[in-house]
Amino acid sequence: MVEQTQETGAEQGPEPKGAVSRRAVIGWAGAGVALGAAAVGTVAAATRSSDEEAEAALKAVPDIEFYGEHQAGIATPVQDRLHFAAFDVSTTSRDALIRVLKEWTKAAAVMTGGREVGTGATGLAEAPPDDTGEALGLPASRLTLTIGFGPTLFEKDGKDRFGLKAKRPEGLIDLPAFPHDNLDPARSGGDLCVQACADDPQVAVHAIRNLARIGMGVVTVRWSQLGFGKTSSTTPEAQTPRNLMGFKDGTHNVSGQDTPTLDEHIWAAPGDGPEWMTGGSYLVARRIRMHIETWDRTPLKEQEDIFGRTKREGAPFGKQKEHDAPDLSAMPKDSHVRLAHPDSNSGAKLLRRGFSFTDGSDGLGRLEAGLFFLAYQRDTRKAFVPVQRKLAATDALNEYIQHVGSAHFACPPGVRKPGEWWGQSLFG
Ligand code: HEM
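What counts and how
- Residue positions are given per chain, counted from 1 along the sequence in the order it is written.
- Confidence filtering applies because this is a predicted model: local features only for residues at pLDDT of at least 70, side-chain atom pairs given and counted only at 80 or more, and all residues used for totals across whole chains, interfaces and linings.
- In computing side-chain values, all of the structure's heavy atoms are included and hydrogens and water are not.
- To qualify as a helix, a DSSP run of H or I must reach at least 4 residues; to qualify as a strand, a run of E must reach at least 2; elements of each kind are numbered from the N terminus.
- We call a residue buried when its accessible area falls under 20% of the maximum for its residue type, exposed when it is over 50%, and partly exposed in between, using a 1.4 Å probe and counting protein chains only.
- Contacts are residue-level and defined by heavy atoms, with any inter-residue pair within 4.5 Å sufficient.
- Only the protein chains shown count as covering a residue, and every accessible area follows the Shrake-Rupley method with a 1.4 Å probe.
- Salt bridge criterion: a side-chain nitrogen from Lys or Arg within 4 Å of a carboxyl oxygen from Asp or Glu.
- For Na, K and Ca the donor cut-off is 3.2 Å, while for other metals it is 2.8 Å, and in both cases only N, O and S atoms qualify; water is not among them, so sites may look incomplete.
- By this rule, a helix spans an expected 1.5 Å times one less than how many residues it contains.
- Pairs of N or O atoms within 3.5 Å make up the polar contacts considered here, provided that, within protein, one atom can donate a hydrogen while the other can accept it, and that residues adjacent in sequence are counted only when both atoms are side-chain atoms.
- Every residue carries a pLDDT, the predictor's confidence in it, which falls somewhere between 0 and 100.
- The distinction between a cavity and a pocket rests on a 1 Å grid over the protein atoms alone: a 1.4 Å probe fits inside a cavity but cannot get out, while a pocket stays open yet meets protein on both sides within 12 Å along at least five of seven lines, and a residue with an atom within 4 Å of a point counts as lining.
- Grid points are joined across faces, edges and corners, and a volume is the space filled by probe spheres set on the points.
- Side-chain classes follow a simple rule in which Ala, Val, Leu, Ile, Met, Phe, Trp, Tyr, Cys and Pro form the nonpolar group, Asp, Glu, Lys and Arg form the charged group, and the remainder, Gly included, forms the polar group.

**Here we look at the overall build of the protein chain**
A tally of regular secondary structure across the protein chain gives 11 helices and 13 strands. Every one of the 428 residues in the protein chain was classed for burial, and the buried ones make up 53%. Within the protein chain, contacts between residues at least 6 apart in sequence are counted, and of these 77% link residues at least 24 apart. Element-wise, carbon and sulfur atoms account for 54% of the exposed surface of the protein chain, whose accessible area totals about 18600 Å².

Here you go:
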């Protein structure tokens, strides 16, 4: 079963030839559990019923449609886990790059449907399997794969590498330097990116790994980031998640169901820039390290003053409930929410889709943790840039965070039907 979360109008296309369902495996895996539990009945009966139970459980969590007017993974409901990868293109061949993008699209359609790549994880004994196999037995887990093109794909060191220079959107700027930035080039930039989101980390990792394998010799992973515990929501009715500072994050975000706001603030519209981006969106990724240990020694009142919202309920200052309309004047002038709110930024809105990360600890025994901030918008120059300028200048939160990685990507519109491919509107 397939969820139509975007207004795609597109039906799920036929499965690419040779795609093997991982679900067949799950039925038998689930059978083992049922066999242990069922002391009565025949083995055959137990196996049959567990197959049915496994199938029913899987049907309860619909896949997220890959095909559509817009790419999934932007306005669709946010999953629990992230594997984000930025790639550099290592070839000078435009044809080789197009070949990989076509293969990636096929693989993405297959994996987001919970199926095995190519001839599967156990194809020919004499050849390396097409699918790396670690997702065998796992459902699609609402996997979405979202591609973006970085500024360096269009031009690098003055070179028009793939004949795309004239197609670079003006809006795909090199992000300006902001005060307090401490960016690591090894965790910044990238010619391409793929955002993999799923409810199961193994499914997200499997997806990126298989794309990297397919792209071998043409693209290399420049940097990647694992994320857990989404820090935003595009479904207002769902419980708002908390970030690693313990605050509800994503309360006042753009809803994935709010079509007028999505059209006005998130999707590139005709006339905004090059035609190939119509229906797409610009993504800013920022790896933001939190000084967790300092934060943990900060009094509650100060923590709440920093955001302008209460910790337990998430209510804006002067109000009772999380979703009460905020009164910005009741919040400290340097509070995060007051500064970031659209009313303080000429109405600018971002669709935030970030995740927490903890990459172990640094050599000084401090947690290497923070927020992997992801935000989509129609025009970065009118949304992330002015908001971040304001935050970087006076946000009280700055004492506890540092931006250590940064990237900007143009995410094209969705692949509308089987046979189309990621980047077709750009390269076509
Ligand atoms: C580690 C860094 C950050 C943390 C911990 C953080 C945390 C929060 C929290 C707790 C809220 C209030 C709940 C909500 O409405 O979501 C919030 C709101 C918001 N944040 Fe952040 N944030 C961070 C970075 C950023 C950055 C870099 C931007 C954009 C440049 C940003 C933009 C916003 C916006 C637009 C809102 C909604 C304000 C409103 O309309 O009420 N945040 N953030």
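Now, onward.
**Some thoughts on the pattern of salt bridges**
Scanning the entire structure with this criterion turns up 19 salt bridges. Here K165 and E155 are joined by a salt bridge, their closest N and O atoms 3.7 Å apart. Of this pair, K165 sits in the loop between α4 (151-154) and β7 (192-198) while E155 sits in the loop between α4 and β7, and the two are 10 residues apart along the sequence. Classification of E155 as partly exposed rests on a relative accessible area of 28%.

**Here's the deal with the coordination of the iron atom of the ligand**
The protein supplies the iron atom of the ligand with one donor atom, H336 (NE2), which lies at 2.1 Å. Structurally, H336 can be placed in helix α9 (residues 336-340).

**With respect to helix α5 (residues 201-214)**
End to end, α5 covers 20 Å across 14 residues, agreeing with the expected 20 Å (1.5 Å per residue, within 8%). When we look at burial in α5, the residues that qualify are V203, A204, H206, A207, I208, N210, L211 and I214. At its buried positions, α5 is contacted by β4 (81-89), α3 (94-112), β6 (144-149) and β7. Where α5 begins, the capping side chain belongs to D200, and its oxygen is found 2.8 Å from the backbone nitrogen of Q202.

**Observations regarding the confidence of the model for the protein chain**
Residue-level pLDDT values for the protein chain average 89, and 86% of them are 70 or greater. Scored below 50 in pLDDT, residues 25-48 makes 21 contacts in the model with residues more than four places away or belonging to other chains.

**A closer look at the layout of surface pockets**
To find leftover empty space, one rolls a probe the size of a water molecule over the atoms. Reported here for the largest pocket is a volume of approximately 890 Å³. Forming the walls of the largest pocket are 47 residues, and the residues nearest its centre are D249, H252, H336, A340 and R352. Of all the secondary structure elements, the ones that give two or more residues to the lining of the largest pocket are β9 (281-290), α9, β12 (367-377), α10 (384-394) and β13 (401-411). Top contributing element to the lining of the largest pocket by residue count: α10, with 5 residues. For the lining of the largest pocket, the residue count by class is 21 nonpolar, 17 polar and 9 charged. There is about 340 Å³ of room inside the second largest pocket. In terms of lining residues, the second largest pocket is bounded by 24 residues, among which E264, D272, R378, D379 and K382 are the most central. Classifying every residue of the lining of the second largest pocket by side-chain character gives 8 nonpolar, 8 polar and 8 charged.

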